[in-house]
Amino acid sequence: MNERLFQKGANHSQIALLLQGGGALGAFQAGVFETLYGHGFSPDWIAGTSIGAVQGALVAGHRTADPVTALKTFWEAVSDPAAWGTDHLSSLAQEMNSNLSVLASLLRGRNAFFTPRLAPPLTRLQSVGAESASYYDVTPLRKLLLRLIDFERINDGPTRLSLGAVNVETGELRYFDSRDERIGVEHVLASAALPPAFPAVRVGDHYYWDGGIYSNTPLEAILDDNPRRNTLCFAVVLFAPDGPEPRSLPEVEARRKDIVYGTRARQHIAASRRTHTLRRAIQSLYAQLPEESSRRQENQELAALGCTTHMDVVPIVYRSSQWESANKDADFSRASIRRRWQLGREHALRCLEHKPWLSTAPRHEGVTVHRIN
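Residues numbered from 1 in each chain as written. Predicted model: local features only at pLDDT ≥ 70, side-chain atom pairs only at ≥ 80, totals over all residues. Heavy atoms only, no water.

Draft legend 1. Highlighting helix H9 (residues 249–262). For H9, spanning 14 residues, the distance from its first C-alpha to its last is 20 Å, which sits close to the expected 20 Å at 1.5 Å a residue. If you check which residues of H9 are buried, you get Ala 254, Arg 255, Lys 257, Asp 258 and Gly 262. Projected onto a plane normal to the axis of H9, the buried residues spread over an arc of 155° and lie on a single side. As for H9, its buried residues are in contact with helix H10 (264–287). (Helix = DSSP H or I, 4+ residues; strand = E, 2+ residues; numbered from the N terminus. Expected span 1.5 Å × (residues − 1). Buried < 20%, exposed > 50% of the residue type's maximum accessible area, 1.4 Å probe, protein only. Arc of directions from axis to C-beta. Contact = heavy atoms within 4.5 Å.)

See the structure below:
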């Protein structure tokens, strides 16, 4: 890492990158990463869900000259070059272009990503198994990932990778973590298996779905990690948890989707703030004990629950344009992909200009959230 370009703060022992799920909106994440990477940023740890899991695997295990090239190759393969929209068109024309791209995704699927099943199982009588019970087949995505990703690099390389997925039978969220197990293409596909569009993926003895149906923001994987380390975390958010009051049915649906996929992170942050504050209080109280009391086993066990680590969380939030519909995550038109990528670059640059993580946090505070946009 070039410290002259990117300053992570003297107290941070690791840099984490958190990537939400959000389909075609993931191009915004790619733009954010390109700018951070170009300024000397290299993540020690990536936690992702759905399209965030796919891009995290591309960054951690790229076969290309650099991770940005891998991301560009991926988006070039899955986007729709036939769409005619450009940034110079009116909002109405851009909306029409976006809707056409969404319709094409639903009817034809996406090259190198997913293809529609000719006869999807629509009744209980059609028992085809968990791996075929979906509207689309993701075999093209599997082939693309195997072509672009070196999984040995993920498992033996310097970047830790955590992928969120939900156990279909138990409903429990699990993180496949390269620190603890070998990651393969099935783990990435499992994290991106959004039902009922995509089928469940078998990993070991269980089937898994997209982690986004439980928690689309894999922040808890980073905040609850053990052993704890001082961490600077960039959280690239694709569904803004806050937004304007909707005034039409399409706006209601768009706002509903933002809330469903974008708000859980607030709960994680609030809970982690309370927990880390208590840990700091425990550590402070233990330090004030007389020497004789501090040697007692029960007090040492309590002290082990405390810590002085600090987490700086920097959300970088994608905010939809007025012409984008609730199905914006299925708009793979080349124009929309390029626009989102460029917005990601701009937002990341603004973040680097402010460098809020270099400010001093209150002593009692274990988690600090720095909001730029």
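Having seen the model, we can carry on.
Draft legend 2. Main features of the pairing of strand S1 (residues 14–19). The element S1 is extensively covered by neighbouring structure, given that 6 of its 6 residues are classed as buried. Residue alternation in S1 divides its side chains into two sets, Gln 14, Ala 16 and Leu 18 and Ile 15, Leu 17 and Leu 19, and both sets are buried. Pairing of S1 with strand S9 (residues 231–237) involves 6 bridges; the strand directions are parallel. From the neighbouring strand, Gln 14 faces S9, where its bridge partner is Thr 231. Sheet topology note: the S1/strand S2 (residues 45–48) ladder contains 4 bridges and is parallel. Bridge assignment links Ala 16 to a residue of S2, and that residue is Trp 45. In this fold, S1 hands off to helix H1 (residues 26–38), which returns the chain to S2; that crossover is right-handed. (Pairing = 2+ DSSP bridges. Right-handed = clockwise from strand over helix to strand, strands pointing away.)

Draft legend 3. Local environment of helix H2 (residues 51–61). By the criterion of burial, H2 is predominantly enclosed, with 11 of the 11 residues buried. Looking only at H2, the buried set comprises Ile 51, Gly 52, Ala 53, Val 54, Gln 55, Gly 56, Ala 57, Leu 58, Val 59, Ala 60 and Gly 61.

Draft legend 4. Summary view of a nonpolar patch on the surface. Among the surface-exposed residues, Leu 103, Leu 106 and Leu 107 lie close enough to one another that they form a single nonpolar patch of about 300 Å² accessible area. By the element assignment, Leu 103 lies in helix H4 (residues 91–108). Among the residues examined, Leu 103 registers a relative accessible area of 45% and is labelled partly exposed. (Patch = residues over 30% accessible without salt bridge, like charges linked within 9 Å, V, L, I, M, F, W, Y side chains within 5 Å. Areas by Shrake-Rupley, 256 points an atom, 1.4 Å probe, with all protein chains shown as cover. Salt bridge = Lys/Arg side-chain N within 4 Å of Asp/Glu carboxyl O.)

Draft legend 5. How the structure looks around the packing of aromatic side chains. Under the counting rule described, the total for this entry stands at 16 aromatic pairs. Both rings, one in Phe 176 and one in Tyr 208, keep their centres 5.1 Å apart while their planes meet at 75°; by these two values the pair is edge-to-face. Taken together, the residues span a long stretch of sequence, with Phe 176 in strand S6 (residues 173–177) and Tyr 208 in strand S8 (residues 206–210) at a distance of 32 residues. Residue classification places Phe 176 among the buried residues on the basis of a relative accessible area of 0%. Among the aromatic residues, ring-to-ring pairing joins Phe 74, Trp 75, Phe 113, Phe 114, Tyr 136, Phe 198 and Phe 332 into one connected group. Directly above the aromatic system of Trp 45 lies the positively charged group of Arg 160, at a separation of 3.7 Å from the ring centroid. The ring of Tyr 207 is capped by Arg 202, whose NZ or CZ atom sits 5.3 Å from the centre of that ring. (Phe/Tyr/Trp six-rings, centres within 6.5 Å; stacked < 30°, edge-to-face > 60°. Lys NZ or Arg CZ within 6 Å of the ring centre and 35° of its normal.)

Draft legend 6. Examining the state of the cysteines more closely. Across all of its chains, the model carries 0 disulfides by this definition. With no disulfide of its own, Cys 307 lies closest to Cys 233 among cysteine sulfurs, the gap being 16 Å. With no disulfide partner, Cys 351 has as its closest neighbouring cysteine sulfur the one in Cys 233, 11 Å distant. (Disulfide = S-S within 2.5 Å.)

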